[in-house]
Amino acid sequence: MSIEVLTADKQGSENLQRWAAMGLPVPPSWRLHREDVLDVDSDDLVQKLRALPRMFDEDRYWVLQQGPMNPGSCRESLLNLDSDNALAAALRAIFRREQAPEHVIIQALPHQKAAGVLFTRHPLRQDLPHMVVEGVADGNSERQRIIFDEQGRLVHASHDRGSIAEAIPHQQILALHHALKQNFDRPQAGEWVYDGHRLWLLQTLPVGSLPAPREAWTRRAGTGLFVQAESPLWYTLAARWFKSSFWEPLVQKRGWDRLDKIEPYRRQHSHIYTNCAYFLALQDGHPGAFRHVPPAWQRLEPAATAPLYSSFQHTLDSVSLAAIARKVRHWQKPDATQEALWHSLMQLDALGERLSKIEGRLSYLVVPDMLVNEQAPLPLQALTTRIELNLLLDLAAGNSLLAKQSSLRPGSDPVHAPLVEKPAQASSLNACRRERRLLAGSRDISGPVALLRQARALRIALGNRFRVLLRDMGALVVNDGLLQHPDDIYFLYFDELWQLWMGLRLPASASHETIADRKLRYLDDSLQGAPDWKMDQIGYGFGGGQRISPLMRGQTLVAGKVEGPIRRVCSAWMLNRVQPGDIVVVDQVDASWLPWLLQAGGIVISQQDPANPAASLAVEFGIPAIWSASDVMHSVQDERTATLDAEQGTLELQTSHPVDTGEEDE
């Protein structure tokens, strides 16, 4: 009788041979032919089988692969047999069938302590690159689930006791995940068993339920761009600037014909989404674009190197920003006439295009590429304007007088009023004594980051000029009976503003009822937040704080432990709700929000982004904080009491609902 040992072979006829050649932990395997089994009597067959697995003792079992479960299926039907006699009987029964196979595969395994399936990508969420492991462990027959993030950290465990997370060393799970991900170009579902010492792979097959999306949009764009809800007018101004002065020239220069007619932006839920097709095109040469590409579109590894940002280009950008700064600084408020106001609007519009060409290059290409390997937050002074930093330091020194006199606006969109304007959010700013610990900057990135900070300051200054101009324009059309309130002008799209201004009539698309509805939706979206991704018209990463997770994990940023109410901040309109001692949960943050975030008892950040000002604030002022707490914005609820243990990297929510006091937020 001849029993064929299946050795590792990249060109082998059996999957097991090819998997073993990939370095996957395949158990000892053999191929048995029909005639060899039927020509041997039962006792001899049992003896032959018993002599095969020399590496295991008698406490073992057999796995018999019976071929595809269904016609056309990639999945093998696996039969577990607990003895040599049972295997021999099963082999003889299979080969005596009328349509018996010519051969079968058998595998020997020691007694298992746990078994299940490893998904190299989340089987239900196309937006998450997380690895999901499902299975059962000895002593706990319930099906369990554990989830690891893209950095290999355990972020979820469905069971506290008898968990497979405790039974199996994480290094072995991560090693299997890495091997599957590196050797297959599609997400895999690997069936595994654990014998108490080693993890074994029985089979793996593509996850058919995870196709790549045809169209994908992300709410995260560049470094410091579009971090919150944007009014319709600012969207049509800023998005057009970046499209015409940055994206379109880049598409032509790179020869991306497929993107020639593809829009880079769209506005949904009052947030600006960027077309991931642009990041997909950038991914091969720009490692910083990797995290803006949906998991199904990501390369196995980010690009290794990035194009050099030359000293010549740095000097050219610096000179250009200085020229734009002079233009912005010398801008004069025009006479309140129809012609003068529109002419001034066009001047500011042209400056916006010039600025966006430079800011686009810095924000989308240069700075993200340079931050790929940064593990710590950037210094605050590298991310904040002079006004923002001065106000922050004044509050940290225990003073609040400057807050009432500051011209700070919590965003570049002209819809945001400066603190000196009444009513404003200055009343919600409280002095909060904290000692600052200065951090050293990075020599390699300080130049581009400083230019990006300068470009951002100019965008805010440009927004200041637009606000002055638009208030006069709004007042003029209100006097003419065309709008009901000067602020309504922010809720017109640019083409509607043009029709209103040139035709002296309110276009049909922007009736008074429509404008009122836009304002209401804008504020709702600002307070609620928006999906992180849109893939094939489906939103991902959004639960509105209704899908509560009792325990979330992140990575320690600043050690410490604090208890307090949760406060989600997804736009500037949430800032006046922040109270001293709150555990503030954020995703993207504008540096202008930091004076309010200084009051936080703890900070939880969804991403690990070294350019996130909230991370820099936490480190420099010693606020307990964790980051890389994936999906946390959509897994917590305002006012719910929680405990942030930053040393352990956990945020634990109380399971009871907060008590309704009957009071409303102001």
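Below is a short write-up of the structure. In this text, all values refer to a predicted model and were calculated from it rather than measured experimentally.

For the chain, the helix and strand inventory stands at 18 helices and 24 strands. By principal-axis analysis of the C-alpha atoms, the chain measures approximately 105 × 55 × 50 Å. Considering only residue pairs separated by 6 or more positions, the chain has 65% of its internal contacts joining residues 24 or more positions apart. If you sum the accessible surface of the chain, you get close to 29,600 Å²; carbon and sulfur atoms cover 49% of it.

Where helix α14 (residues 446-479) contacts helix α15 (residues 494-503), the axes come no closer than 12 Å and their chain directions differ by 55°. Overall, the two elements α14 and α15 adopt an arrangement that is oblique. In the crossing of α14 with α15, the sense of the turn from one axis to the other is left-handed. Only Leu497, Leu500 and Trp501 of α15 make contact with α14, whose side of the interface consists of Met473, Leu476 and Val477. By residue class, the composition of the contact of α14 with α15 is 6 nonpolar, no polar and no charged.

Glancing now at the nonpolar core. Phe226, Trp247, Tyr265, Tyr364, Phe466, Met473 and Leu497 are the most contacted members of the largest nonpolar core, which totals 82 residues. Ranked by the residues each element gives to this core, the list is headed by helix α10 (residues 338-371), at 13 residues. Leu395, Ile566, Trp593 and Ala646 belong to the second largest nonpolar core, which has 57 residues in total.

Under the counting rule described, the total for this entry stands at 31 salt bridges. For Arg31, the salt bridge is made with Glu4, and the minimal N-O distance between the two is 2.7 Å. In this pair, Arg31 is assigned in strand β2 (residues 29-33) and Glu4 in strand β1 (residues 4-5), connecting sequence segments 27 residues apart. In this structure Glu4 comes out as partly exposed when scored by relative accessible area, which is 31%. The residue Glu639 makes a salt bridge to Arg567 at a minimum N-O spacing of 3.1 Å. Residue Glu639 is found in the loop between β22 (625-627) and β23 (641-645), and its partner Arg567 is found in strand β19 (residues 561-569); the two are separated by 72 residues along the sequence. Looking at Glu639, the relative accessible area reads 35%, which means it is partly exposed. Residue Arg567 is classed as buried on the basis of its relative accessible area, which comes to 4%.

A regular strand places its side chains on the two faces of the sheet in alternate fashion. Pairing between strand β13 (residues 265-268) and strand β14 (residues 271-275): 4 bridges, direction antiparallel. Paired with Arg267 across the two strands is Ile272, which belongs to β14. Taking the residues between adjacent antiparallel strands as the criterion, β13 and β14 are bridged by 2 residues, where His269 takes a positive phi near 55°.

To continue, consider helix α16 (residues 512-528). For α16, with 17 residues, the first-to-last C-alpha span of 24 Å sits near the 24 Å given by 1.5 Å per residue. Among the residues making up α16, those that are buried are Ile515, Arg518, Tyr522, Asp525 and Ser526. Buried residues along α16 cover an arc of 100° about the axis, so they all sit on one side. Pointing more than 90 degrees away from the buried face of α16 are the exposed residues Glu513 and Leu520. The first or second residue beyond α16 is Gly529, which carries a positive phi of 100°.

A full pass over the atoms with the stated rule returns 16 aromatic pairs. Members of the aromatic cluster, connected to one another through ring pairs, are Phe226, Phe242, Phe246, Trp247, Tyr265, Tyr278, Phe279 and Tyr364. The ring of Trp200 has Arg198 sitting right over it, with the charged end atom 4.2 Å from the ring centre. The ring of Phe494 carries the charged tip of Arg240 above its face, separated from the ring centre by 5.0 Å.

With that settled, consider the sheet that holds strand β16 (residues 538-540). If you trace the 5 strands from one edge of the open sheet to the other, you get β13-β14-β12-β15-β16, paired in antiparallel fashion. Only two strands of the sheet have a single partner each, and these edge strands are β13 and β16. On average, adjacent strands in this sheet sit at an angle of 30° to one another, irrespective of strand direction. The pairing of strand β15 (residues 533-535) with β16 spans 3 bridges and is antiparallel. What sits directly across from Trp533, in β16, is Tyr540. Those strands touched by helix α8 (residues 276-283) are β12 (216-218), β14 and β15, and its axis lies near 45° from that of β14.

Here the focus is a positive patch on the surface. A contiguous patch of positive charge, built from Arg326, Lys327, Arg329 and Arg354, is present on the exposed surface. No other element matches helix α9 (residues 311-329), which puts 3 residues into the positive patch. Secondary-structure assignment places Arg329 in helix α9.

Criteria and thresholds
- Residues numbered from 1 in each chain as written.
- Predicted model: local features only at pLDDT ≥ 70, side-chain atom pairs only at ≥ 80, totals over all residues.
- Heavy atoms only, no water.
- Helix = DSSP H or I, 4+ residues; strand = E, 2+ residues; numbered from the N terminus.
- Contact = heavy atoms within 4.5 Å.
- Areas by Shrake-Rupley, 256 points an atom, 1.4 Å probe, with all protein chains shown as cover.
- Axes fitted to C-alpha atoms, helices over the stretch in contact; angles between N-to-C directions.
- Parallel < 35°, antiparallel > 145°, perpendicular 65-115°, else oblique.
- Left-handed = near helix turned anticlockwise from the far one by under 90°.
- Nonpolar A, V, L, I, M, F, W, Y, C, P; charged D, E, K, R; others polar.
- Core = buried A, V, L, I, M, F, W, Y, C linked by side-chain atoms within 4.5 Å.
- Buried < 20%, exposed > 50% of the residue type's maximum accessible area, 1.4 Å probe, protein only.
- Salt bridge = Lys/Arg side-chain N within 4 Å of Asp/Glu carboxyl O.
- Pairing = 2+ DSSP bridges.
- Expected span 1.5 Å × (residues − 1).
- Arc of directions from axis to C-beta.
- Phe/Tyr/Trp six-rings, centres within 6.5 Å; stacked < 30°, edge-to-face > 60°.
- Lys NZ or Arg CZ within 6 Å of the ring centre and 35° of its normal.
- Patch = residues over 30% accessible without salt bridge, like charges linked within 9 Å, V, L, I, M, F, W, Y side chains within 5 Å.
- Lys, Arg positive; Asp, Glu negative; His and termini not counted.
- Charge placed at Lys NZ, Arg CZ, Asp CG, Glu CD.

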